[in-house]
Amino acid sequence: MASVWKRLQRVGKHASKFQFVASYQELMVECTKKWQPDKLVVVWTRRSRRKSSKAHSWQPGIKNPYRGVVVWPVPENIEITVTLFKDPHAEEFEDKEWTFVIENE
């Protein structure tokens, strides 16, 4: 039933494909005494769609051992193709929310 409702909402709207690229270079993470990560992954997600980076080691800092960085020696590019819809009477495309999540592997 949900797919029927989605199609009804899109009637008369113009669909356009867009390609977005996220480039991962460096990530700073601050932790606690109770938890410190080993390998971190950046996940770009929306509903059931997921695009993950490769796992990279977290390196604690010298000054503060609870604050560390993940560094990609060569920036990693993750691409997503998204369909956005626009009402012919509107100037902007409809919102579509994506989320970046940091996960410990």
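Residues numbered from 1 in each chain as written. Predicted model: local features only at pLDDT ≥ 70, side-chain atom pairs only at ≥ 80, totals over all residues. Heavy atoms only, no water.

Draft legend 1. Region of the structure containing the overall build of the protein. What the protein contains, in helices and strands, is 1 helix and 7 strands. Put simply, the protein runs from its N terminus to its C terminus through helices and strands in the order α-β-β-β-β-β-β-β. Taken over the C-alpha trace, the protein has a radius of gyration of 19 Å; the compact-globule value for 105 residues is 13 Å, which it surpasses by more than 25%. By principal-axis analysis of the C-alpha atoms, the protein measures approximately 60 × 30 × 20 Å. The buried share of the protein, reckoned over its 105 residues, is 26%. Long-range contacts, defined as pairs at least 24 residues apart, comprise 65% of the intrachain contacts of the protein with a sequence gap of at least 6. In the protein, the 18 positive side-chain charges and the 13 negative ones have mean positions that sit 5 Å from each other. (Helix = DSSP H or I, 4+ residues; strand = E, 2+ residues; numbered from the N terminus. Rg over C-alpha atoms; globule rule 2.2 N^0.38 Å. Buried < 20%, exposed > 50% of the residue type's maximum accessible area, 1.4 Å probe, protein only. Contact = heavy atoms within 4.5 Å. Lys, Arg positive; Asp, Glu negative; His and termini not counted. Charge placed at Lys NZ, Arg CZ, Asp CG, Glu CD.)

Draft legend 2. Structural detail: a positive patch on the surface. Taken together, the side chains of K6, R7, R10 and R47 make up a positively charged region of the molecular surface. Position of R7 relative to the elements: it lies in helix α1 (residues 2-9). (Patch = residues over 30% accessible without salt bridge, like charges linked within 9 Å, V, L, I, M, F, W, Y side chains within 5 Å. Areas by Shrake-Rupley, 256 points an atom, 1.4 Å probe, with all protein chains shown as cover. Salt bridge = Lys/Arg side-chain N within 4 Å of Asp/Glu carboxyl O.)

Draft legend 3. Summary view of the nonpolar core. Grouped together as the largest cluster of nonpolar side chains are 16 residues, with contacts concentrated most on Y24, L27 and W44. Residue assignment for this core shows that the elements contributing at least two residues are β1 (14-30), β2 (39-46) and β6 (67-86). Sorting elements by how many residues they give to this core places β6 first, with 6 residues. With sequence-adjacent residues up to four places away left out, Y24 is seen in contact with V42, W44, S53, W72, P75, E76, I78 and F100. (Core = buried A, V, L, I, M, F, W, Y, C linked by side-chain atoms within 4.5 Å.)

Draft legend 4. Quick peek at the confidence of the model for the protein. Residue-level pLDDT values for the protein average 89, and 97% of them are 70 or greater. The secondary-structure element of the protein with the lowest mean pLDDT is α1, recorded at 72, while strand β3 (residues 49-52) shows the highest, at 94. (pLDDT = per-residue confidence, 0-100.)

Draft legend 5. Quick look at unusual backbone geometry. Positioned with a positive phi, R47 is a non-glycine residue whose angle comes to about 50°. R47 gets classed as exposed once you look at its relative accessible area, which sits at 63%.

Draft legend 6. Representation of the pattern of salt bridges. Considering all chains together, one arrives at 3 salt bridges under this definition. Ionic pairing is found between E30 and R67, a salt bridge with its closest N-O pair at 2.8 Å. Of this pair, E30 sits in strand β1 while R67 is found in strand β6, placing the two residues 37 residues apart along the sequence. Residue classification places R67 among the partly exposed residues on the basis of a relative accessible area of 39%. The closest approach of N and O atoms between R50 and E103, which form a salt bridge, is 3.0 Å. Taken together, the positions of R50 in strand β3 and E103 in strand β7 (residues 99-104) put the pair 53 residues apart, joining distant regions of the chain. Looking at E103, the relative accessible area reads 30%, which means it is partly exposed.

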